[in-house]
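# Close look at the chain arrangement
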Amino acid sequence: MGLEEIEEKDYFSIGDVKRITGVPEYSIRYWEAEFGLIRPIRLESGHRRYTKEDVYTILKIKDLIYKHKLTLEGAKKQLSKYQFSAAGRGEKPRTDIKLLTEIKETLEDLLKE
């Protein structure tokens, strides 16, 4: 599964997310619990289904931790900057253009590797 397929699908299994992001499944599950920003849909069978937004969030977390060498706490603080304005009003957090640009750059770097 290639990165271009993110836009073709609405939902992804944890295996799909692992292949797209290169992040182990146990890290995805851990980040889901730690950050609270990743909210997969749970099927009756208990399987997770991740949205495009979840996949992009995982890519951003990966970028902050692996590329920028932030700790989990540092990554949480960085991500909270993007989430703060809408969260206080009870709205769904907005997607920041800068965040999307950084994600795009990360994806392009991954493709080059």
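Okay, so let's go over this structure. (Residues numbered from 1 in each chain as written. Predicted model: local features only at pLDDT ≥ 70, side-chain atom pairs only at ≥ 80, totals over all residues. Heavy atoms only, no water.)

## Some remarks on the sheet that holds strand 1 (residues 11-12)
One open sheet holds the three strands; their spatial order is 1-3-2, and the pairing between them is antiparallel. The open sheet has two edge strands, strand 1 and strand 2 (41-42), and neither has a second partner. The pairing of strand 2 with strand 3 (residues 48-51) spans two bridges and is classified as antiparallel. Within strand 3, the residue paired with Arg42 across the bridge is Arg48. Against the sheet, helix 3 (residues 52-67) engages strand 1 and strand 3, with an angle of about 80 degrees to strand 3. (Pairing = 2+ DSSP bridges. Helix = DSSP H or I, 4+ residues; strand = E, 2+ residues; numbered from the N terminus. Contact = heavy atoms within 4.5 Å. Axes fitted to C-alpha atoms, helices over the stretch in contact; angles between N-to-C directions.)

## Brief notes about a nonpolar patch on the surface
On the surface, a nonpolar cluster with roughly 270 Å² of combined accessible area is contributed by Tyr11, Ile41 and Leu43. Considering the arrangement of structural elements, one finds Tyr11 in strand 1. Classification of Tyr11 as partly exposed rests on a relative accessible area of 44%. (Patch = residues over 30% accessible without salt bridge, like charges linked within 9 Å, V, L, I, M, F, W, Y side chains within 5 Å. Areas by Shrake-Rupley, 256 points an atom, 1.4 Å probe, with all protein chains shown as cover. Salt bridge = Lys/Arg side-chain N within 4 Å of Asp/Glu carboxyl O. Buried < 20%, exposed > 50% of the residue type's maximum accessible area, 1.4 Å probe, protein only.)

## Considering the pattern of salt bridges
Applying the stated criterion across every chain, the model contains eleven salt bridges. One salt bridge in this structure joins Asp10 and Lys52, with 3.9 Å as the shortest N-O distance. One end of the pair, Asp10, is in the segment before strand 1; the other, Lys52, is in helix 3, and 42 residues separate them in sequence. Under the relative-accessibility criterion, Asp10 is labelled exposed at 53%. Residue Glu32 pairs with Arg48 through a salt bridge whose shortest N-O separation is 3.0 Å.

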